[in-house]
Structures are given as structure tokens and as C-alpha cells.
There are 2 protein chains.
Amino acid sequence: MSDSTLKSRQVVLARYIHGHPSPEDFRTETIDIPAPGDGQLRVRTLYASVDPGALARLGGEASYVPPMALGDVMASAVVGEVVDSRHEQFSPGDLVVGSWGWCEVAVVGPKGLRKVEPGPEPLSAELGVFGIPGLTSYFSILELGKPRAGETVLVSSAAGAVGSVAGQIAKLQGARVVGIAGGPAKCAWVRELGFDEVLDYRAEKDLTAAIQRTCPEGVGVYLDNVGGAMLDAALLNMALRGRVVLSGLITEYGVPPEQRHGLKHTPRFITHRLRMEGFVVFDYADRFREARAALSRWVSEGKVKYREHVAEGLESAPSAFAGVFRGENLGRMLVRVGSPSRTPRAPS
Amino acid sequence: MSDSTLKSRQVVLARYIHGHPSPEDFRTETIDIPAPGDGQLRVRTLYASVDPGALARLGGEASYVPPMALGDVMASAVVGEVVDSRHEQFSPGDLVVGSWGWCEVAVVGPKGLRKVEPGPEPLSAELGVFGIPGLTSYFSILELGKPRAGETVLVSSAAGAVGSVAGQIAKLQGARVVGIAGGPAKCAWVRELGFDEVLDYRAEKDLTAAIQRTCPEGVGVYLDNVGGAMLDAALLNMALRGRVVLSGLITEYGVPPEQRHGLKHTPRFITHRLRMEGFVVFDYADRFREARAALSRWVSEGKVKYREHVAEGLESAPSAFAGVFRGENLGRMLVRVGSPSRTPRAPS
């Protein structure tokens, strides 16, 4: 255990973001991180998530979580290693998942920390298929969408961390699954995952017609991570009593209301008895253990596949974040900040 | 029983309607109505409903009911008296509710007919508080909105046939009820009905601020009959886990999608876990009897009040229909087409 301070680089919000993010919206600083106080521990970051949903907090306005202030360390899920601990349940070398954000070293309390054991999957999967994206896929499909066997499930951002897993879970329920993704590489991968149809939105002139073509019996469940014109086109193709689950709205974060597409097809809600619901995974926190067990089993059985796009070094996080909004990642976007020390666990 | 033909005036659709209707969209014709065939009956219309929701069928496009064709008799609920009958369950003088539309005399089959007995309320109430509007109020509030005691229920078109009754039913559930209506006369009446607050949208510059002022704890249930900018303003004021029930969208019927307001505040669905559902009363047809019994009890106990705006003569129906879209009616808009003969019922 070290009593000395440790240098840490951290990425902070340099200006509020309206519209798509760019690397210049962030600033990298180096600060001293003191030894942990009583009941605290000091952690070294191994992987940090690059989460498009975070944009909802970066415009200076309230969201379902409080907005970030200028100078705040960029929020993200992280997996790290305990450096030194003054909390009896944690020891140096322990691997933990938390949310201390885009920095190399942090002092944290035990709240919100979860110990993880090295398993057959890479540690980074704790931020992807076993992390918030995987849990979002699980509960949004099984608790809100609830597809019946044979129903068509349409998934936007189908090559993303949420959509790719959500589509596979819907397949496991016996649904017919159609994905929307951008570009041939993503579409090819989504097909590999076992989706019944994939629609390349960049290659389609008329999204409404393309959804109709690939979902001829109507969409029973639309899991949306996009919003805007894509959501509007889906509304025109919903089946009677279809369910729209809004899990993310990447085209609308940081866009002032008057510049948004605006849903025009609200009459469809009445004609087709549609239901649209917003989804926040943290509402299901008391069932995360159950969901992780199911996801872990499906992954080990080869029934759920995933990919990660790992950018190297904390300094690459801002451009990785901007890249997500240009659709550059296939699967979960992550940043590798450090490597495990692989030292044997020391007793506390 | 008469074997001769009867002259009947009828109002038919003269041109498809895009935008607000005008009297010139209809044409009045006189035709001969033959004696009823085997199993049929001939009815004389007493009251016909003037239903804004019918506009959804008048643009030539499919809706939740098939579109009307040019030359079709304008669809409406009607209450009438049997003139002559070749069906064993109906006798001359019987009072029946049906949907034969805007005409003086019609030959109909027994399907969809419901016999009514004269009661303490006027016969016209069968088309209002005991008809589709009252049933819509009942099921939309009790089955989709489900307000809890103390929750705020916001109702648009609060002086309309649906909104006025829906608000009173929500009050009976212990909710705090806020109405939106246009102009001082309507607002005064909505207050009389026991709504806790009434908001005159014509007098408000900023609808979002006005809803916030009258619903300071957020809207738990929004029953909407309007759509467009009013729905968007309500979205910004929904409470956590609020429910939006779309029972009508009067600002959007007959308006091409590209000219509609377009909902901009979809991110609220996620931040506030909102649910929005479309409602069609006919989905609850097997429970109409239960609902009518409850409405009848509430009316007789003075717990639910209603008003009707009765226009005189079939020829006034087209201008009454146009008037609904200018907000001219207070409560249910109806047309009196004829008077009951008051002859004693003859045995069949």
C-alpha cells in the first residue's frame, strides 16, 4: 500500500456540446491523486467505456441524470484494479467495475463498485455485453418489448453494443429479427449474428419503403437507439398493437428541439394502438445479477456474440467518442487506459 | 307497416377533405328508401352525431376504419325510431341506436343495432355521455390512464364530449384534474364540472409554461384529443412514469404529415420513462354494458354532468361538423333530424 500521491491524467468537459461532439469539446489535465482516506480505495483504470448516451448530459441541461458541469471528469463506466485500499472488502489487485470516468487513477468509495473475477471472456466485456449495454439489451427486449414467437422485432443501431445483443436476445425468444445498420461491414456482421434481415440505411433512398420491404407483416417491437426520421419511418410500419421501446435517441442528443426531426406519424398510435415507452436500465438495478447470469450463459453457449472496438490510450477517448456519432464502431466502443498488473492478490 | 317507399334526404361526402372541413365538402341528396326486406327494418333518424374523429376517414386514406368513398352517406352514430320491421326482435316505435349516418330514413339489418328505453335522460344522451364519447372517456381513463389518487390528470378538449366526462371520471378516482379549453365560456363550464384548474389555451402565450404553472407536480396522465403542439407541450411537463393516452388528434386529421407540428420532445420519454398509447374505444366493445351502467349511475347521482349542443335539421350537419373544428361546441355536438312519434309500441 502506498501513502504517496499518484499522477493521473484525466479528460474533462471543456465546453458544453450542442450537436455532434468533437475532440475539442474535451481537455486533458494531469492532477495528483492522494492516498485513499478511511473507507476509500484507490483504483487504476484498465478500460473506460465510450458511451453515446452520455451526450444527453453534456449540453448543460437536466436529463435523467444530472448534467455534467464544465471541468468535470467525463462520466463513463470503467473497469480497474485496486492500487491501495482502506476498505476491508477490497484489496490491492482486486478487479472492480465502477463509474469513476475518463481518468487513469481515482480515489473512490465502495458505493457502486462491483468486484469481478477474471473469467473466460476479456475483462473489457464487463463494460459491454456484461455491462450497461448488455443489461439494456436484456431488459428492454424482455421487459418492455416482450416479443412473441414469430413477431417481427426491428432494431436500429443493430451493429451497436445494445442493438447487436438485443437482436440476438429477440431471436432467442423466437422472434423474426430485422436490423438497421450503416454500411456493408456493419450489415455483414449483423447478418453473421443471425439477424433474419439487415437493412443498410445508407444505401436506402426511402427508409419507410425499406422497412416495409423487410418487415412485410409489420413491426411488432421496434427497439430504437436512434430517434428522429428513423423512428418516424418505423411508426409507419408498426403492426397492430406494436410496441416502440426508446432506449436511446442518438440523433436527438444535443440537438435543440426546434432543429429535431419531429415525429409526424402520431396518428398511427391510434389507428394501430401503438405503445411507445422510454427505457432506463438503472430502473432494473435489483435484477442485474439475474441478467448477467443469463448473458454469461448465452455467451458461453455461443448464443450471444459480441465485438468490441478498443481504442488505445486515455488520450484517444475524445476522438473515439466523436467517432461513435459518425458510426465508426462495430460493437462496444472502449478505451484501453492501462493493463492489469497481474500481481497476486495481497491480503488486506 | 308500410310497403311503400319513403323519401329520405341524406348528406354525402362530395370531396375528400384535407385540412379543416367546410360545409361545401358535403352534398345533400333526396332518394327513395324502399320497404325493408326480410330480416331488415326501416328506421327514421331522430338524432345524428357530429363527430370530429370522423375526419380521419374523409381524406381518402386508410385509417383504423376504412376510408369513406365519395358519394357515401356521412358516417355517424344515430338514434332513431323503427318505422317498419321484418325482423322479429324489432317493432315499429322501437327506439334504436345504430350507425346508419346522416340521413332521414334508412333500411338496416339488426347487426350493430341496440334498443334503448326512454329514461330520465334525453334520448340524445345515447350519442353522448352514454354513447361513444362517454365510453371513450370511461375506458381511456380507467384502462389506459389509470390515475392514482393525488396524481395530476391533464385533459385537452376539456369542454368536449370526451374530455368533459373523462375529467369528471378522473376526479372520481381521486385525481387532481386540470383541463385545457378555448375561451372563457368553455373554461367557466369546465370549472363548473369540478376540474381543479382550467387553462384557456387561447389566452396563453406559452402553453408549456401554462401547463407547468397549473401542474406544478407534473402530469401523471395526459388524455389528449388534440395532438400537435399541445401534445408536445404536455410532454415537457409529464411526471416520472407519466402516461399519455391518445384518444383523438383533432389537429392532425386531414393534415399531410409534412405539414404537421411533429413531436420534438421524444427524449422526455427516456428521461421520464413516459408511456404513450393510442386508444380506440371499439377494442372494449365487450364491456360497453358495464361502462354504460357506471355512467348511468354517475349521471343519476349528479357525479357526472354533461351538455349537448344540438343543431336543428339534417341540413345543418355539414356546418355543425365544420364548427366543431373551430371549437364552437360545448359538450357533444348533435343534429336533431326528427322527433319521436310517441305512438304506443305496437306488438310485432
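Residues numbered from 1 in each chain as written. Chains lettered and ligands numbered in written order. Predicted model: local features only at pLDDT ≥ 70, side-chain atom pairs only at ≥ 80, totals over all residues.

## A few points about the overall build of chain A
Part 1: From N to C terminus, chain A includes eight helices and 15 strands.
Part 2: For a compact globule of 348 residues, the expected C-alpha radius of gyration is about 20 Å, and chain A comes in at 21 Å, within 12% of that figure.
Part 3: Its C-alpha atoms give chain A principal-axis dimensions of roughly 65 × 45 × 35 Å.
Part 4: Across the 348 residues that make up chain A, the buried fraction comes to 53%.
Part 5: Across chain A, the fraction of contacts at a sequence separation of at least 24, relative to all contacts at a separation of at least 6, is 67%. (Helix = DSSP H or I, 4+ residues; strand = E, 2+ residues; numbered from the N terminus. Rg over C-alpha atoms; globule rule 2.2 N^0.38 Å. Buried ≥ 20, exposed ≤ 12 C-beta atoms within 10 Å, placed from the backbone. Contact = placed C-beta atoms within 7 Å.)

## A few points about helix α5 (residues 228-235) of chain B
Residue and element names in this part refer to chain B.
Part 1: Of all eight residues in α5, six are buried; the element is thus mostly enclosed.
Part 2: Listed in full, the buried residues belonging to α5 are M230, L231, D232, A233, A234 and L235.
Part 3: Where α5 is buried, its residues meet β8 (152-155), β9 (176-181), α4 (207-214), β11 (219-224), β12 (238-246) and α6 (267-271).

## Some words on the sheet that holds strand β10 (residues 197-200) of chain B
Part 1: Taken together, the twelve strands give an open sheet; going across it, the order is β10(A)-β9(A)-β8(A)-β11(A)-β12(A)-β13(A)-β13(B)-β12(B)-β11(B)-β8(B)-β9(B)-β10(B), and neighbouring strands pair in mixed fashion. Among the strands making up the open sheet, the edge pair consists of β10 (197-200) of chain A together with β10 of chain B. Between one strand axis and the next, the sheet turns by 15° as a mean value, whatever way the strands run.
Part 2: Against the sheet, helix α3 (residues 184-192) of chain B touches β9 and β10 of chain B, its axis set at about 170° to β10(B). (Pairing = 2+ DSSP bridges. Axes fitted to C-alpha atoms, helices over the stretch in contact; angles between N-to-C directions.)

## A short note on the pairing of strand β3 (residues 41-49) of chain B
Residues and elements named next belong to chain B.
Part 1: For β3, the tally of buried residues reaches nine of nine residues, placing the bulk of the element in the interior.
Part 2: Here β3 runs beside strand β6 (residues 105-108); their pairing, made up of four bridges, is antiparallel. Along β6, the bridge assignment pairs L41 with V108.

## A look at the interface of chain B and chain A
Part 1: On the side of chain A, 30 residues touch chain B, which itself brings 29 residues to the contact.
Part 2: If you list the elements that add at least two residues to the side of chain B that touches chain A, you get α6 and β13 (275-278) of chain B.
Part 3: Of the residues belonging to the side of chain B that touches chain A, the class tally is twelve nonpolar, nine polar and eight charged. (Nonpolar A, V, L, I, M, F, W, Y, C, P; charged D, E, K, R; others polar.)

## A look at the domain arrangement of chain A
Residue and element names in this part refer to chain A.
Part 1: One can read the domain layout of chain A as domain 1 (6-128 + 307-336) and domain 2 (132-285 + 292-298).
Part 2: Taken over C-alpha atoms, the centre of domain 1 sits 27 Å from the centre of domain 2.
Part 3: Opposite the 17 residues of domain 1 that make contact, domain 2 presents 17 residues.
Part 4: Grouping the amino acids of the side of domain 1 that touches domain 2 by side-chain chemistry returns nine nonpolar, seven polar and one charged. (Domains from an automatic or database assignment.)

## Concerning helix α2 (residues 161-172) of chain B
Residue and element names in this part refer to chain B.
Part 1: Its twelve residues place the ends of α2 17 Å apart at the C-alpha level, agreeing with the 16 Å of an ideal helix rising 1.5 Å per residue.
Part 2: Of all the residues in α2, the buried ones are A161, V162, G163, S164, V165, A166, G167, Q168, I169 and A170.
Part 3: Check the buried side of α2 and you find it contacts α1 (132-145), β8, β9, α3, β11 and β15 (332-336).
Part 4: G174 sits one or two positions beyond α2 and adopts a positive phi of about 90°. (Expected span 1.5 Å × (residues − 1).)

## Points about the relation of the copies chain B and chain A
Part 1: Once chain B is rotated about the relating axis by 180° and shifted along it by 0.0 Å, it coincides with chain A to within an RMSD of 0.0 Å. Both chain copies can therefore be described as sitting about a two-fold axis.
Part 2: A shared interface surface links the copies, since 100% of the contact residues of chain B are contact residues in chain A too. (Least-squares fit on C-alpha atoms with pLDDT ≥ 70 in both.)

## Some words on the nonpolar core
Part 1: Of all hydrophobic cores here, the largest spans 218 residues; its most connected members are Y47(A), A234(A), V335(A), Y47(B), A234(B) and V335(B).
Part 2: The contact partners of A234(A), leaving out residues within four places of it in the chain, are L154(A), I211(A), V219(A), Y222(A) and D224(A). (Core = buried A, V, L, I, M, F, W, Y, C linked by C-beta atoms within 7 Å.)

## Overview of unusual backbone geometry
Residues and elements named next belong to chain A.
Part 1: One non-glycine residue, K146, adopts positive backbone phi at about 45°.
Part 2: When you line up the elements, K146 lands in the loop between α1 (132-145) and β8 (152-155).
Part 3: One non-glycine residue, R241, adopts positive backbone phi at about 60°.
Part 4: Assignment of secondary structure puts R241 in strand β12 (residues 238-246).

## Thoughts on the packing of α1(A) against helix α2 (residues 161-172) of chain A
A pair of packed helices is characterised by two quantities: the angle between their axes and the separation of those axes.
Residue and element names in this part refer to chain A.
Part 1: Two elements in contact, α1 and α2, have axes separated by 8 Å at closest approach and are oriented at 45°. Our classification of the angle between α1 and α2 gives oblique. Once α1 is placed against α2, the crossing between them reads as right-handed. Of the residues in α2, those in contact with P133, G134, T136, S137, Y138, S140, I141 and L142 of α1 are A161, V162, V165, A166, I169 and A170.
Part 2: A per-class count over the contact of α1 with α2 returns ten nonpolar, four polar and no charged. (Parallel < 35°, antiparallel > 145°, perpendicular 65-115°, else oblique. Left-handed = near helix turned anticlockwise from the far one by under 90°.)

## Section: the environment of V226(A)
Residue and element names in this part refer to chain A.
Part 1: Summarising the element assignment, V226 is placed in the loop between β11 (219-224) and α5 (228-235).
Part 2: Residue V226 is classed as buried on the basis of its 21 C-beta neighbours within 10 Å.
Part 3: Considered as a pair, V226 and G278 are 52 residues apart in the sequence and their alpha carbons are 13 Å apart.
Part 4: Aside from chain neighbours lying at most four places away, what touches V226 is S156, S157, L231, L249, I250 and T251.

## Considering the pairing of strand β14 (residues 308-312) of chain B
Part 1: Two strands pair when backbone bridges link them, and β14(B) and β15(B) are joined in this way by five bridges, in the parallel orientation. What sits directly across from V310(B), in β15(B), is L334(B).

## Let's talk about the packing of α1(B) against helix α7 (residues 288-300) of chain B
All names here are of chain B.
Part 1: Running from amino to carboxyl end, α1 crosses α7 at an angle of 100°, the nearest separation of the two axes being 10 Å. As the angle between them shows, α1 and α7 are arranged roughly perpendicular. Between α1, through G134, L135, Y138 and F139, and α7, the contact on the second element is made entirely by F288, A291, A294 and L295.
Part 2: Grouping the amino acids of the contact of α1 with α7 by side-chain chemistry returns seven nonpolar, one polar and no charged.

## Details of the environment of L144(A)
Part 1: Secondary-structure assignment places L144(A) in helix α1.
Part 2: Not counting residues up to four positions away in its chain, the partners in contact with L144(A) are R243(A), V245(A), E277(A) and F279(A).

## Regarding the confidence of the model for chain A
Part 1: Taken over all residues, the pLDDT of chain A has a mean of 94, while the share at 70 or more is 96%.
Part 2: Here residues 343-348 of chain A scores under 50 on pLDDT; set against residues more than four positions off or in separate chains, the count is twelve contacts. (pLDDT = per-residue confidence, 0-100.)

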